[in-house]
Amino acid sequence: MIVFIYDGSIVGFLNIVYKVYNDKIFPQVITKTYTSKMFDEVYEIESDENIAKRVYDGLQMKFHQIFFDKIKHIFLCDSISHELELLKYIISGFKNQKNLLDLSNPNIYYIDSLEKELFKMAHKFKGFIRFVELDNRIMYATISPKYNMLPIVKNHFITRFKKSDFIIYDDIRKIALCYISEIAQILDIVNMDIPKLSIDESKYQNLWKMFFNQVSIKERENKKLQQSFVPLWYQKQMLEFN
Amino acid sequence: MKIEEKLRILGDSAKYDVSCSSSGSSSDFKDSKIGNCAIGGICHSFSSDGRCISLLKVLLTNYCIYDCAYCINRISNDTPRTAFSPRELADLTINFYKRNYVEGLFLSSGIIKSENHTMELLIQTLEILRFEYGFGGYIHLKLIPNSDAYYIQKATSLANRVSSNIELPTQKSLALLAPQKSFTTLLQPMQVARNLSLEHSHKPISMSTQVIIGATPESDFEILRLSSHLYKQSLLKRVYFSAYIPVNNSKNLPSVQNKPPLLREHRLYQADWLMRFYGFRYDEIVNEQNSFLDENLDPKAFWALNNLSHFPIDINSADAFMLLRVPGFGKTTVDKILKARRFKRLGQDDLKNMKISIKKAKYFIIAQKRLSDVPLYADKISHYLVDKSIENAKYYQGVLF
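Residues numbered from 1 in each chain as written. Chains lettered and ligands numbered in written order. Predicted model: local features only at pLDDT ≥ 70, side-chain atom pairs only at ≥ 80, totals over all residues. Heavy atoms only, no water.

Chemist: What am I meant to see in the overall build of chain B here?
Modeler: The helix and strand tally for chain B stands at 15 helices and eleven strands. Over its C-alpha atoms chain B spans a radius of gyration of 24 Å, differing by no more than 12% from the 21 Å that the globule rule assigns to 401 residues. In terms of its C-alpha atoms, chain B occupies a principal-axis envelope of roughly 70 × 55 × 40 Å. Buried positions account for 59% of the 401 residues belonging to chain B. (Helix = DSSP H or I, 4+ residues; strand = E, 2+ residues; numbered from the N terminus. Rg over C-alpha atoms; globule rule 2.2 N^0.38 Å. Buried < 20%, exposed > 50% of the residue type's maximum accessible area, 1.4 Å probe, protein only.)

Chemist: I tried to follow the nonpolar core on my own but got confused; where do I start?
Modeler: Soluble globular proteins tend to pack their nonpolar side chains together in the buried interior. Membership of the largest hydrophobic core comes to 193 residues, with the highest contact counts inside it found for Phe-166 of chain A together with Phe-96, Leu-351 and Phe-364 of chain B. If one sorts the elements of this core by residue count, helix α5 (residues 106-128) of chain A sits on top with nine residues. Look past the residues within four positions of Phe-364 of chain B in its chain and what remains in contact with it is Ala-304, Leu-305, Leu-308, Phe-311, Pro-312, Ile-313, Val-326, Pro-327, Ile-381 and Leu-385 of chain B. Leu-134, Ile-138, Ile-167 and Ala-176 of chain A belong to the second largest nonpolar core, which has nine residues in total. (Core = buried A, V, L, I, M, F, W, Y, C linked by side-chain atoms within 4.5 Å. Contact = heavy atoms within 4.5 Å.)

Chemist: Can you walk me through the interface of chain B and chain A in this structure?
Modeler: A common measure of how large an interface is: the accessible area buried when the components associate. In this assembly, 56 residues from chain B lie in contact with 55 residues from chain A. Three residues, Phe-46, Arg-99 and Tyr-101 of chain B, lead the burial of chain B against chain A; their summed loss comes to 14% of the area buried on that side. Measuring nitrogen to oxygen at the nearest pair gives 2.9 Å for the salt bridge that ties Lys-98 of chain B to Glu-133 of chain A. Among the secondary structure elements, those contributing two or more residues to the side of chain B that touches chain A are α1 (3-14), β1 (45-46), β3 (55-59), α2 (86-98), α8 (262-277), α12 (331-340) and α13 (348-353) of chain B. For the side of chain B that touches chain A, the class distribution of residues is 24 nonpolar, 13 polar and 19 charged. (Buried area = accessible area lost by both parts, 1.4 Å probe. Salt bridge = Lys/Arg side-chain N within 4 Å of Asp/Glu carboxyl O. Nonpolar A, V, L, I, M, F, W, Y, C, P; charged D, E, K, R; others polar.)

Chemist: Where do I start with the state of the cysteines in this structure?
Modeler: By definition, a disulfide links the sulfur atoms of two cysteine residues through a covalent bond. Residues and elements named next belong to chain B. Scanning all chains against the criterion turns up zero disulfides over all chains. Not engaged in a disulfide, the cysteine Cys-43 finds its nearest cysteine sulfur in Cys-52; these two sulfurs lie 3.4 Å apart. Of the cysteine sulfurs around Cys-68, a residue in no disulfide, the closest is that of Cys-71, at 6.1 Å. On the accessibility criterion, Cys-68 (4% relative accessible area) is buried. (Disulfide = S-S within 2.5 Å.)

Chemist: For this particular structure, what's the right way to read the packing of helix α4 (residues 149-158) of chain B against helix α6 (residues 183-200) of chain B?
Modeler: Helices that pack against each other are described as a pair by the angle of their axes relative to one another and the distance between those axes. Residues and elements named next belong to chain B. Where α4 contacts α6, the axes come no closer than 9 Å and their chain directions differ by 60 degrees. In this view, α4 runs oblique relative to α6, as classed from their interaxial angle. Crossing hand, α4 versus α6: right-handed. Contacts between α4 and α6 pair Ala-149, Ile-152, Gln-153 and Thr-156 from the former with Gln-188, Pro-189, Val-192, Ala-193, Leu-196 and His-200 from the latter. Class assignment for the residues of the contact of α4 with α6 results in six nonpolar, four polar and no charged. (Axes fitted to C-alpha atoms, helices over the stretch in contact; angles between N-to-C directions. Parallel < 35°, antiparallel > 145°, perpendicular 65-115°, else oblique. Left-handed = near helix turned anticlockwise from the far one by under 90°.)

Chemist: What is the right way to read the sheet that holds strand β9 (residues 313-314) of chain B from this model?
Modeler: Neighbouring strands of a sheet are bound in pairs by backbone hydrogen bonds; such pairs are parallel or else antiparallel. Residue and element names in this part refer to chain B. Here three strands make up an open sheet; going across it, the order is β9-β10-β11 and the pairing mixed. The sheet terminates laterally at β9 and β11 (369-370), the two strands that pair on one side only. With two bridges joining them, β9 and strand β10 (residues 365-367) adopt parallel strand pairing. Paired with Asp-314 across the bridge in β10 is Ile-366. (Pairing = 2+ DSSP bridges.)

Chemist: Just checking my understanding: could you explain unusual backbone geometry for this structure?
Modeler: Cis rather than trans, the peptide bond between Phe-311 of chain B and Pro-312 of chain B has omega equal to -5 degrees. By secondary structure assignment, the location of Pro-312 of chain B is in the loop between α10 (299-306) and β9.

Chemist: Please clarify how the packing of helix α3 (residues 115-132) of chain B against α4 of chain B should be interpreted in this entry.
Modeler: All names here are of chain B. Contact geometry of α3 with α4 gives a least axis separation of 10 Å together with a crossing angle of 25 degrees. Taken together, the axes of α3 and α4 are roughly parallel relative to one another. Of the two elements, α3 crosses α4, and the hand of that crossing is left-handed. Note on element contacts: α4 touches α3 through Tyr-151, Ile-152, Lys-154, Ala-155 and Leu-158, opposite Asn-116, Met-119, Glu-120, Ile-123, Leu-126, Glu-127, Arg-130 and Phe-131. Partitioning the contact of α3 with α4 into residue classes produces eight nonpolar, one polar and four charged.

Chemist: Is there a simple way to think about the sheet that holds strand β3 (residues 41-44) of chain A in this case?
Modeler: Residues and elements named next belong to chain A. Read from one edge to the other, the open sheet built from three strands follows the order β2-β1-β3, with strand pairing classed as parallel. Looking at strand neighbours, the two that pair on one side only are β2 (29-31) and β3, the edges of this open sheet. Adjacent strand axes in the sheet meet at a mean angle of 20 degrees when their direction is disregarded. For strand β1 (residues 2-5) and β3, the ladder comprises four bridges, and the chain directions are parallel. What sits directly across from Ile-2, in β3, is Glu-41.

Chemist: Just checking my understanding: could you explain α5 of chain A for this structure?
Modeler: Count 3.6 residues to each turn of an α-helix, and residues three or four apart come out pointing the same way. With 23 residues, α5 of chain A extends 32 Å from end C-alpha to end C-alpha; this agrees with the ideal 33 Å at 1.5 Å per step. N-capping of α5 of chain A is provided by Asn-105 of chain A, with a side-chain oxygen placed 3.0 Å from the backbone N of Asn-107 of chain A. (Expected span 1.5 Å × (residues − 1). Polar contact = N/O pair within 3.5 Å; in protein donor to acceptor, adjacent residues only side chain to side chain.)

Chemist: Got a minute to help me understand the layout of surface pockets in this structure?
Modeler: The rolling of a water-molecule-sized probe over the atoms marks out the regions of remaining empty space. Computed from the structure, the largest pocket encloses a volume of approximately 1,100 Å³. Together, 35 residues line the largest pocket, and Phe-229 of chain A together with Gly-50, Arg-51, Cys-52 and Tyr-269 of chain B are the ones closest to its centre. Elements with a minimum of two residues in the lining of the largest pocket: α8 (223-229) of chain A together with β2 (52-53), β3, β8 (238-243) and α8 of chain B. Looking at the lining of the largest pocket residue by residue, the classes come out as 16 nonpolar, eleven polar and eight charged. (1 Å grid on protein atoms, 1.4 Å probe; cavity = no way out; pocket = protein on both sides within 12 Å on 5 of 7 lines; lining within 4 Å. Points joined across faces, edges and corners; volume = space filled by probe spheres on them.)

Chemist: I would appreciate a short explanation of the pairing of strand β7 (residues 175-180) of chain A in the present structure.
Modeler: The two faces of a sheet get side chains in turn, since along a regular strand they alternate between them. Residue and element names in this part refer to chain A. Burial runs high along β7: five of the six residues are buried. Both strand β6 (residues 166-170) and β7 contribute to a ladder of five bridges, which runs antiparallel. Residue Ile-168 lies in a different strand from β7, and its bridge partner there is Leu-177. In textbook terms, the turn of a hairpin is the stretch between consecutive antiparallel strands, and for β6 and β7 this stretch comprises four residues, one of which, Lys-174, has a positive phi near 60 degrees. Examined bridge by bridge, β7 and strand β8 (residues 183-188) share six bridges and lie antiparallel to one another.

Chemist: For this particular structure, what's the right way to read the pattern of salt bridges?
Modeler: Charged atoms that come close allow side chains of opposite charge to pair. Counting across every chain of the model gives 28 salt bridges over all chains. One salt-bridge network, in which partners are shared between bridges, spans Glu-133, Arg-137 and Glu-201 of chain A together with Lys-98 and Arg-99 of chain B.

Here it is in structure tokens:
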């Protein structure tokens, strides 16, 4: 088996694409963690910024905006190994971009539905993120999403909050989307210290929980349906389910 | 009274209003300080009955001078009464909104003192939100029938969507259960609102209504004819159906013991979708002879079985209009097929690769060959299409006894 080992970054992946075209070797496995086995042909891929830049520009030039964005979105699905599929996708795109519309091709379908899954999840997060008001009037929320959500939900929350400040902290990737005085940044933050909550916070939390419970019509109770809309995994960070 | 208590009472009375969507409306309040409207609509939570919560749905007050038999807040009911002040309600909305609990406000009200007085309080609430707090989020306001055009005009300029509930599908039922209301007074505020909004822009303000199902003996045919009529006049964007849940005892109403007709409500929604998105006419779905929808079959399958001459359909050549009429195929499925068949003639494996379910559709389509060996006769196919849970129930009964 031909195995490529890389560091898991975008730069590393772009170097893989370069290697495939430059050395004409196609990997059967692309991995971040590798335990050596007999008969494997192993290549360690370096993360060379210059090569990555060249490949990136090449992709941007060659691919239509829709497909280029799709490739970037797939990178955000960082908790599953999609590298081999993405590599195949890029190769068939370089051959002929029209192929990328053929949904009956399993590879194309995989990439399309992975992007859809990402968007679907982002859409749920737009509704399910719960903010608390801090002492200094900043709205704050913690999330632990499966994929990297922040770049996707960023614009939504900026237009929602307009002139108010907010912070969304992704405690799995240790990054935070900070929107303070109408400037938005995504920052690396290893340890998030949360200042005190505002005095009104618990009052509105209780009001919300109460509203949530009484709005349900008991003659129509259907917990299964509720859970299919809000999987348990989201419920962990939602105030009204705790 | 404390605000908790008020929210409990007034949220409780408003929960029977089904409408919750905040979709299909973009914000016109550009210089707002907080809030937007997402065009697709966002659900913020789901209550234990599986309905989405996207709006703070409350009444301004549950004092009411009307005596409608189906309503929990009728004047002759002995329930605790209370009212929000416009300020309290505005504060509640903005604080829920900031914490991302809701997309906006869905405000309705009982009629306190007079129609115009009630409208005035509602408008005050909206003004505090829009002008003082700079709220740009979604607001849906229930118009009060019989109020002056002046108030309706103000309301339409402040809200994203307005509506008025018809509640009962015929004049006869209204006269029986809600003697103080009539069809004309219920539709009047919506007509006024539409004409007013058309004066300012080419796009009329979007409106919806709600009809109670199962409180009176109307047939599905009458209900669908009414909603189709309202859509055609382009007066409404959406008609909601609400299975009647008995809250009062009255000799003119079904008994409190009855279960709400949830399956019938579900079939009506399916039929409604067929009219709005699938190009069906109401009289294709039901007619005067078969005036109720079949509860065992979804309306599209029912139509297909009665019109088998159109089938089987070749998915490699049929147009979008016909593909949409295949039972089990929805918009996304049809889109996938149309895209993929540009590359090759599709067969069963291609449908599988695209994760298209052919459980229902296989009896009606050709993908290179017919996908099922069940002959095209209505009774043969319907045997396979009838909801399995009903079948299973029969089966278990057989074993037990």
